[in-house]
Amino acid sequence: MVQATPFLLVLFLALGAHGRTVKKCSLSGSWVNDLGSNMTIGAVNGDGNFGGFYHTAVTASPNEIKLSPLQGSMQKSTNQKGQPTFGFTVNWSFSDSITVFTGQCFVDNEGKEVLKTMWLLRSRVESINSDWKATRVGNNVFTRLPFQE
């Protein structure tokens with residue numbers, strides 16, 4: 001029995017490690033970013049596609065900010081390990097611009113879901129000579145908004 005004890009201890013630890021649940025990050029829901037912009041992502045379908053709405057807190061446009069639609073896709077491969085990569089496009093309802101976001105959904109060390117993103121915003125310009133100033137790049141960190149009824 002003394003020789004079996006180390007084996008049983010190793011077996012117990014190995015089985016226990018597999019029993020730990022790893023929290024998965026889900027894109028669906030309401031999010032706020034570091035600039036105060038809000039977005040809501042609907043259900044992700046079986047192909048990884050989703051829709052939703054984005055309400056920006058910042059703009060270079062003189063127009064009134066309006067809720068804008070977004071369409072996106074999440075990587076569905078098995079190697080995503082519950083922290084999927086994704087991309088979505090926001091077609092701004094109040095300007096001649098469009099923004100594409102790409103990022104990854106993480107669960108941080110405290111168990112909170114975080115979306116780390118990078119974006120390109122393309123604004124319409126009058127001519128090819130102004131193309132140099134038409135695209136902006138940036139990044140945002142989104143955190144999940146608490147569920148509200």
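Parameters and conventions
Residues numbered from 1 in each chain as written. Predicted model: local features only at pLDDT ≥ 70, side-chain atom pairs only at ≥ 80, totals over all residues. Heavy atoms only, no water. Core = buried A, V, L, I, M, F, W, Y, C linked by side-chain atoms within 4.5 Å. Buried < 20%, exposed > 50% of the residue type's maximum accessible area, 1.4 Å probe, protein only. Helix = DSSP H or I, 4+ residues; strand = E, 2+ residues; numbered from the N terminus. Contact = heavy atoms within 4.5 Å. Pairing = 2+ DSSP bridges. pLDDT = per-residue confidence, 0-100. Disulfide = S-S within 2.5 Å.

**A closer look at the nonpolar core**
Moving on, step 1. Membership of the largest hydrophobic core comes to 21 residues, with the highest contact counts inside it found for Leu27, Met39, Tyr54, Phe88 and Leu115.
Moving on, step 2. Listed by contribution, the elements that provide at least two residues to this core are strand E2 (38-41), strand E3 (49-55), strand E4 (68-74), strand E5 (85-91), strand E6 (97-107) and strand E7 (113-123).
Moving on, step 3. In this structure, Leu27 is in contact with Ile41, Val44, Phe50, Met74, Phe86, Cys105, Leu115 and Arg144, ignoring residues within four places of it in sequence.

**Looking at the pairing of E7**
Moving on, step 1. Of the strand pairs in this sheet, E6 and E7 are connected by 11 bridges, and their pairing is antiparallel. Its bridge partner being in E7, Ser97 is matched across the sheet by Ser123.
Moving on, step 2. Hairpin remark: E6 followed by E7, antiparallel, with five residues in the connecting loop; positive phi at Gly111, about 85°.
Moving on, step 3. Note that E7 and strand E8 (residues 135-144) share nine bridges and pair antiparallel.

**As for the environment of Gln83**
Moving on, step 1. Looking at the element boundaries, Gln83 is found in the loop between E4 and E5.
Moving on, step 2. Separated by 58 residues in sequence, Gln83 and Cys25 have C-alpha atoms that sit 5.4 Å apart.

**Points about the confidence of the model for the chain**
Moving on, step 1. Of all residues in the chain, 83% have pLDDT values of 70 or greater, and the mean over the chain is 86.
Moving on, step 2. Below a pLDDT of 50 lies the segment residues 15-19, which in the model reaches zero contacts outside its immediate sequence neighbourhood of four places, other chains included.

**Let's talk about the state of the cysteines**
Moving on, step 1. Applying the stated criterion to the full structure yields one disulfide.
Moving on, step 2. Sulfur-sulfur distance for the disulfide between Cys25 and Cys105 comes to 1.8 Å. Across the S-S bond linking Cys25 and Cys105, the dihedral sits near -70°, which makes this disulfide left-handed. Within this pair, whereas Cys25 is found in the loop between helix H1 (4-19) and strand E1 (29-33), its partner Cys105 is found in strand E6, the two being separated by 80 residues in sequence. The residues Cys25 and Cys105 share a single accessibility class, namely buried.

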